[in-house]
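For reference, the chains in residue letters:
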Amino acid sequence: YDLDVNIASSADTGSVVVNGYLRARDQNSKQTVQIFNAGETDSVYVKTKSNVQVVAVSTPTADTVSLGQTGIPMNVTVTNFGASPYRVNNVRMRFAIGLYDTVLTQSMPDTIYGYQTKTYNFTANVKNNSAVGLDSLGAAVSGLDLLNGKSSSVSATGLDTLLILS
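None of the values given here were measured: they were computed from a predicted structure. (Residues numbered from 1 in each chain as written. Predicted model: local features only at pLDDT ≥ 70, side-chain atom pairs only at ≥ 80, totals over all residues. Heavy atoms only, no water.)

## Here we look at the environment of Val103
Here is step 1 of the chain: Note that Val103 resides in strand S9 (residues 100-104).
Here is step 2 of the chain: Other than its neighbours up to four places away in sequence, Val103 contacts Asn121, Phe122 and Thr123. (Helix = DSSP H or I, 4+ residues; strand = E, 2+ residues; numbered from the N terminus. Contact = heavy atoms within 4.5 Å.)

Written out as structure tokens, the structure reads:
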């Protein structure tokens, strides 16, 4: 026989033993037969779903930039706090006041495996028509949990600042 097993979201994680229980009724004698433990058990490995978060945004070589400045490195660090691998389809920078052209230097899609962290690198150019002042930097990530097939996106703001001068 083939049986389907449903795993509750509150289930224990790790290796879980799957055991069977059988209750049947003999059509001739009308007696109920019960078997409480399977002759052979099996196990499944239960993982938590992916739990992706933007944990850091940085501008490693600059705290201050000027209008029209080019080639500014920016980094976004993303951690998967869950066990299921997460396919990253898109990473983008988010800014409070600044206008930039940004280019992600890695190709997409990418995979962040369970309990792993990856850093995505950008090169940014400050547009000449950007606002000036203290800019707040953040990032957004979107993708897919490779275990359950569900799409998700996360974002974070205020993880770093960059002063834009005219």
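## Here's the deal with the sheet that holds strand S13 (residues 151-165)
Here is step 1 of the chain: Strand order across the open sheet formed by 5 strands is S6-S13-S12-S8-S10, with mixed pairing between neighbours. The open sheet is flanked by strand S6 (64-66) and strand S10 (110-112), the only strands paired with a single partner. Ignoring which end each strand starts from, the neighbouring axes of this sheet average 50° apart.
Here is step 2 of the chain: Here strand S12 (residues 133-145) runs beside S13; their pairing, made up of 11 bridges, is antiparallel. Residue Val141 lies in a different strand from S13, and its bridge partner there is Val154. (Pairing = 2+ DSSP bridges. Axes fitted to C-alpha atoms, helices over the stretch in contact; angles between N-to-C directions.)

## Let's talk about the pattern of salt bridges
Here is step 1 of the chain: Throughout the structure, instances matching the rule amount to 2 salt bridges.
Here is step 2 of the chain: When the shortest N-O distance is used, the salt bridge between Lys127 and Asp101 registers 3.6 Å. Taken together, the positions of Lys127 in the loop between strand S11 (117-126) and S12 and Asp101 in strand S9 put the pair 26 residues apart, joining distant regions of the chain.
Here is step 3 of the chain: The exposure class assigned to Asp101 is partly exposed, which follows from its relative accessible area of 41%. (Salt bridge = Lys/Arg side-chain N within 4 Å of Asp/Glu carboxyl O. Buried < 20%, exposed > 50% of the residue type's maximum accessible area, 1.4 Å probe, protein only.)

## What to know about the sheet that holds strand S7 (residues 72-80)
Here is step 1 of the chain: The antiparallel open sheet is built from 4 strands, whose spatial order is S5-S7-S11-S9. What marks the edges here is a single partner per strand, and that holds for strand S5 (52-58) and S9. Pairs of neighbouring strands in the sheet enclose a mean axial angle of 30°, with direction left out of account.

## Section: the pairing of S7
Here is step 1 of the chain: The buried count for S7 comes to 8 of 9 residues, which makes it a mostly enclosed element.
Here is step 2 of the chain: In terms of strand pairing, S5 meets S7 through 6 bridges, oriented antiparallel. The residue of S7 that forms the bridge with Val54 is Val78.
Here is step 3 of the chain: Sheet topology places S7 next to S11; 8 bridges connect them, and they run antiparallel. Residue Pro73 lies in a different strand from S11, and its bridge partner there is Thr123.

## Notes on the nonpolar core
Here is step 1 of the chain: Within the largest apolar cluster, 25 residues are counted, with the highest numbers of intra-cluster contacts made by Met74, Val76, Tyr100 and Val141.
Here is step 2 of the chain: If you list the elements that add at least two residues to this core, you get S5, S7, strand S8 (86-95), S11, S12 and S13.
Here is step 3 of the chain: Look past the residues within four positions of Val141 in its chain and what remains in contact with it is Val52, Val54, Val78, Tyr86, Val88, Asn90, Val91, Ser152, Ser153 and Val154. (Core = buried A, V, L, I, M, F, W, Y, C linked by side-chain atoms within 4.5 Å.)

## Regarding the side chain of Asp145
Here is step 1 of the chain: You can see Asp145 is positioned in strand S12.
Here is step 2 of the chain: A polar side-chain atom of Asp145 sits 3.0 Å from the main-chain amide nitrogen of Asn148.
Here is step 3 of the chain: The contacts of Asp145, once residues within four sequence positions are left out, are Lys49, Ser50, Ser84, Pro85, Tyr86 and Lys150. (Polar contact = N/O pair within 3.5 Å; in protein donor to acceptor, adjacent residues only side chain to side chain.)

## Some points on a nonpolar patch on the surface
Here is step 1 of the chain: A grouping of Val5, Ile7 and Val44 is seen on the molecular surface, where their side chains present a nonpolar patch of about 230 Å² in accessible area.
Here is step 2 of the chain: Along the polypeptide, Ile7 turns up in the segment before strand S1 (14-18). (Patch = residues over 30% accessible without salt bridge, like charges linked within 9 Å, V, L, I, M, F, W, Y side chains within 5 Å. Areas by Shrake-Rupley, 256 points an atom, 1.4 Å probe, with all protein chains shown as cover.)

## Some points on the environment of Leu137
Here is step 1 of the chain: Here Leu137 shows up in strand S12.
Here is step 2 of the chain: Assessed through its relative accessible area of 0%, Leu137 is described here as buried.
Here is step 3 of the chain: Taking the C-alpha atoms as reference points, Leu137 and Ala156, 19 residues apart in sequence, are found 8.7 Å from one another.
Here is step 4 of the chain: Contact partners of Leu137, with chain neighbours within four places excluded, come to Val57, Thr59, Arg94, Phe95, Tyr100, Thr157, Gly158, Leu159, Asp160, Thr161 and Leu162.

Purely geometric numbers; function is a separate question.
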